[in-house]
Amino acid sequence: MVRILKLSQLSSAERAKLQKRAELDIDNALKVAQTVIETIRERGDAGVVDYVRRFDYEGATVENIKVSEAEFERAFHLIEPEVKTAIEQAFRNIQEVHRRQMPEETLLAEIETGVFAGEKISPIPNVGLYVPRGRGAFPSMMLMLAIPAMVAGVERVVVCTPPDKQGNVEPVSLVAAQMAGVREIYKLGGVQAIAALALGTKNIKRVDKITGPCSVYGAAAKRLLFGTVDVGLPAGPSESIVLADESTDARLAALDLLIEAEHGADSAALLVTHCEDLAIAASEYAQEYLQKLPDWRREFCEAGLAAYGGIILTDSLQQSLDFVNEYAPEHLEVLVSNPFAILGKIKNAGEILLGNHTPSSMATYAIGVNAVLPTGSFARSYSAVSVYDFLKRSTLAYVTPEGFEKLKETTKTLAEYEGFPAHKLAIQHREILL
Ligand SMILES: NC(=O)C1=CN([C@@H]2O[C@H](COP(=O)(O)OP(=O)(O)OC[C@H]3O[C@@H](n4cnc5c(N)ncnc54)[C@H](O)[C@@H]3O)[C@@H](O)[C@H]2O)C=CC1
Ligand SMILES: N[C@@H](Cc1c[nH]c[nH+]1)C(=O)O
Ligand SMILES: [Zn+2]
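Reading the values: rules and limits
- Residues numbered from 1 in each chain as written.
- Chains lettered and ligands numbered in written order.
- Predicted model: local features only at pLDDT ≥ 70, side-chain atom pairs only at ≥ 80, totals over all residues.
- Heavy atoms only, no water.
- UniProt positions renumbered as here; feature names shortened; annotations may be inferred.
- Helix = DSSP H or I, 4+ residues; strand = E, 2+ residues; numbered from the N terminus.
- Contact = heavy atoms within 4.5 Å.
- Polar contact = N/O pair within 3.5 Å; in protein donor to acceptor, adjacent residues only side chain to side chain.
- Buried < 20%, exposed > 50% of the residue type's maximum accessible area, 1.4 Å probe, protein only.
- Phe/Tyr/Trp six-rings, centres within 6.5 Å; stacked < 30°, edge-to-face > 60°.
- Lys NZ or Arg CZ within 6 Å of the ring centre and 35° of its normal.
- Near = heavy atom within 4 Å.
- Areas by Shrake-Rupley, 256 points an atom, 1.4 Å probe, with all protein chains shown as cover.
- Nonpolar A, V, L, I, M, F, W, Y, C, P; charged D, E, K, R; others polar.
- Salt bridge = Lys/Arg side-chain N within 4 Å of Asp/Glu carboxyl O.
- Pairing = 2+ DSSP bridges.
- Right-handed = clockwise from strand over helix to strand, strands pointing away.
- Axes fitted to C-alpha atoms, helices over the stretch in contact; angles between N-to-C directions.

- An unreviewed UniProt entry lists the chain under the name histidinol dehydrogenase, with Microcystis aeruginosa PCC 9717 as the source organism.
- Taken directly from UniProt, the Sequence similarities (unreviewed entry) text for the chain runs: "Belongs to the histidinol dehydrogenase family."

Pasting the structure below:
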């Protein structure tokens, strides 16, 4: 049985534990990350290689941690035709979604007569993408990161992704990277990847921004290197809420509960409902579906559902919605009778998936929406990865002589009040010089 927790009977400590998710366990990873970062800072490429050897691939050398042309080529021979077709459809949809996101390059509007203001959009010049590979292969994440970066026009896109024990990068990820136009890939995972990208070494030029989901080790490295590099959104252990009412098919609720649960023992998968019959039925179905998973994935589900997840029984749909908004899940599936009717009440969620035909696995692979999403309650303020992660905005202004006349007194008055005489002088002298 998947545990059923009655919300009104939870102590504030139990609610806080649910809310906090697996971020609880980052302290140990921070210690590991600190040592690795210091070593890489001092020893550069040699330090990077030492840690690849220790954590991922014993045969790593300074030369072979970069994916070679031969490896790119070989990946095309290793991919199964149906996987290639699937990647191609995913690619098209992700590209289409992100092309539609692209804003106008320049925006300049007349704010008052002769006063033009707006912004100019430019890509970030150097970006590092982290594509995980620990408890799964993630070519889908390669697409989700590389496509918006390319659509945004980033000049240098570098990818780090862990090698397997034989030193190989997962081949479908290499095909996906090539489709998106990425050619600079290093076989680095966890802390050594984030540190190399943030600090730079002789062989790996530093980047301006790193983005991509990772386990607790990468997350710890990002936390320590915040300030050295832009570390993007916090995208950690997967989490989800399936929101259900009395109309929901308990089998769908149970199936979708397991989607996020299977990522790892640190995943938080919740089913939230005010309907007790549904809660009990979904718990039983989930138990049944768990038997269809291989042992290691089932064990992930069981551990995560017992520690951070389960079924939350509320008193009403409104209380369920309040819980959702407080929790701010990465993924939210709305399986209630009329999902559009409650859309306006959903305030905090990385992704909102409406109705019975929109399971989160489809959003991860095929719809085209970005599946790299904020976790750990950061959906309260962060958004899914998008072209905006790879763009920055410069404000832009142009004032005509007529506009200058309109703004000069205000500028002088405020400069005087704030005590900045040079600010005022620049206006006063213009009145004489121009
Ligand atoms: N929020 C989002 O949008 C997404 C989140 N995810 C999450 O990202 C995470 C990916 O994690 P993983 O699959 O584990 O891949 P990962 O690539 O982040 O982790 C593997 C790396 O961790 C390092 N590592 C492993 N054990 C270590 C140790 N004892 N000490 C130091 N370093 C160690 C190794 O260098 C290895 O390369 C999962 O939690 C998954 O749920 C995945 C996709 C999307
Ligand atoms: N659904 C995942 C992403 C994923 C990629 N592959 C499988 N799952 C997430 O929550 O973040
Ligand atoms: Zn997933």
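Having put the structure on the table, let's press on.
**Observations regarding the UniProt feature "active site" (unreviewed entry) in the chain**
At step 1: Here, UniProt's "active site" (unreviewed entry) annotation points to Glu330 and His331.
At step 2: With respect to the helices and strands, glutamate 330 occurs in the loop between helix H12 (317–327) and strand E11 (331–334).
At step 3: Setting aside its immediate chain neighbours within four residues, glutamate 330 contacts Pro237, Ser238, Glu239, Ala349, Gly350, Glu351, Ala371, Leu373, Pro374 and Thr375.
At step 4: Separated by 3.0 Å, the side chain of glutamate 330 and the backbone nitrogen of glutamate 239 make a polar contact.
At step 5: By the element assignment, histidine 331 lies in strand E11.
At step 6: According to the relative accessible area criterion, histidine 331 is buried, its value standing at 3%.

**A closer look at the environment of glycine 355**
At step 1: With respect to the helices and strands, glycine 355 occurs in the loop between strand E12 (351–354) and helix H14 (360–365).
At step 2: Sequence separation between glycine 355 and phenylalanine 340 is 15 residues; the distance between their C-alpha atoms is 8.7 Å.

**Regarding the packing of aromatic side chains**
At step 1: Counted according to the given criterion, the structure contains six aromatic pairs.
At step 2: Relative to phenylalanine 300, the ring of tryptophan 296 lies with its centre 5.7 Å away and its plane at 70°, an arrangement referred to as edge-to-face. On the criterion of helical spacing, the pair formed by tryptophan 296 and phenylalanine 300 is a turn pair, its members being four residues apart in helix H11 (residues 295–307).
At step 3: The exposure class assigned to tryptophan 296 is partly exposed, which follows from its relative accessible area of 44%.
At step 4: The aromatic ring of phenylalanine 72 is capped on one face by arginine 183, whose charged end is 4.4 Å from the ring centroid.

**Overview of the site of ligand 1**
At step 1: In the vicinity of ligand 1 lie 28 residues, with Asp56, Tyr130, Ser215, Ser238 and Leu373 positioned nearest.
At step 2: Contacts to ligand 1 include aspartate 56, whose side-chain N or O atom sits 2.7 Å from an oxygen atom.
At step 3: Here an oxygen atom of ligand 1 and a side-chain polar atom of tyrosine 130 are 2.6 Å apart.
At step 4: Elements represented by at least two residues in the shell around ligand 1 include exactly helix H2 (26–55) and helix H7 (190–199).

**A word on the site of ligand 2**
At step 1: Close to ligand 2 lie Phe138, Ser140, Met141, Ser238, Glu260, His263, Glu330, His331, Thr364 and Tyr365.
At step 2: Serine 238 is positioned with one of its side-chain polar atoms (N or O) 2.9 Å from an oxygen atom of ligand 2.
At step 3: A distance of 2.9 Å is found between a nitrogen atom of ligand 2 and a side-chain nitrogen or oxygen belonging to histidine 263.
At step 4: When ligand 2 is considered free in solution it has 300 Å² of accessible area, and contact with the protein chains removes 88% of it.
At step 5: Within the residue set of the shell around ligand 2, elements represented by two or more residues are helix H5 (139–152) and H14.
At step 6: Looking at side-chain class alone, the shell around ligand 2 contains three nonpolar, five polar and two charged residues.

**A word on the pattern of salt bridges**
Side-chain pairs of opposite charge can arise where the charged atoms are in close proximity.
At step 1: One pass over the structure, following the stated rule, counts 22 salt bridges.
At step 2: Measuring nitrogen to oxygen at the nearest pair gives 3.7 Å for the salt bridge that ties glutamate 105 to lysine 120. One end of the pair, glutamate 105, is in the loop between helix H4 (81–101) and strand E2 (106–112); the other, lysine 120, is in strand E3 (residues 115–123), and 15 residues separate them in sequence.
At step 3: The class of glutamate 105 is exposed, set by a relative accessible area of 52%.
At step 4: The salt bridge involving aspartate 249 is made with arginine 251; its shortest N-O contact spans 2.9 Å.
At step 5: Taking the relative accessible area as the measure of exposure, aspartate 249 reaches 27% and is therefore partly exposed.
At step 6: Overall, the relative accessible area of 40% leaves arginine 251 in the partly exposed class.
At step 7: Overlapping salt bridges, with partners in common, bring together Glu405, Lys408, Glu409, Lys412 and Glu431 in one network.

**Some remarks on the pairing of strand E9 (residues 268–273)**
At step 1: With six of six residues buried, E9 is to be regarded as a mostly interior element.
At step 2: Both faces of E9 are covered, namely the face carrying Ala268, Leu270 and Val272 and the face carrying Ala269, Leu271 and Thr273.
At step 3: Strand direction decides the pairing type here: strand E8 (residues 239–244) and E9, joined by six bridges, are parallel. Pairing of alanine 244 across the sheet is with threonine 273, part of E9.
At step 4: Each parallel crossover has a hand, and for E8 linked through helix H9 (residues 250–261) to E9 it is right-handed.
At step 5: One ladder, built from four bridges, connects E9 with strand E10 (residues 310–313); its direction is parallel. Residue pairing across strands places valine 272 opposite isoleucine 312, the latter belonging to E10.

**A look at the sheet that holds E3**
The strands making up a sheet associate through hydrogen bonds between their backbones, and the pairing can be parallel or antiparallel.
At step 1: Taken together, the three strands give an open sheet; going across it, the order is E2-E3-E13, and neighbouring strands pair in antiparallel fashion. Looking at strand neighbours, the two that pair on one side only are E2 and strand E13 (391–399), the edges of this open sheet. In this sheet, adjacent strand axes meet at a mean angle of 20° when their direction is disregarded.

**A word on the sheet that holds E11**
At step 1: An order of E1-E10-E9-E8-E11-E12 is seen for the six strands of this open sheet, with the pairing classed as parallel. Each edge of the open sheet is held by one strand with a lone partner, namely strand E1 (4–6) and E12. Strand-to-strand twist in this sheet, taken as the mean axis angle between neighbours without regard to direction, amounts to 20°.
At step 2: Contacts between H9 and the sheet are confined to E8, E9, E10 and E11, with E9 contributing the most and set at about 155° to the helix.

**Observations concerning the side chain of glutamate 71**
At step 1: Examined against the element boundaries, glutamate 71 turns out to sit in helix H3 (residues 69–78).
At step 2: Each residue touching glutamate 71, except ones within four places of it in the same chain, is listed here: Lys66, Gly167, Leu174 and Lys187.

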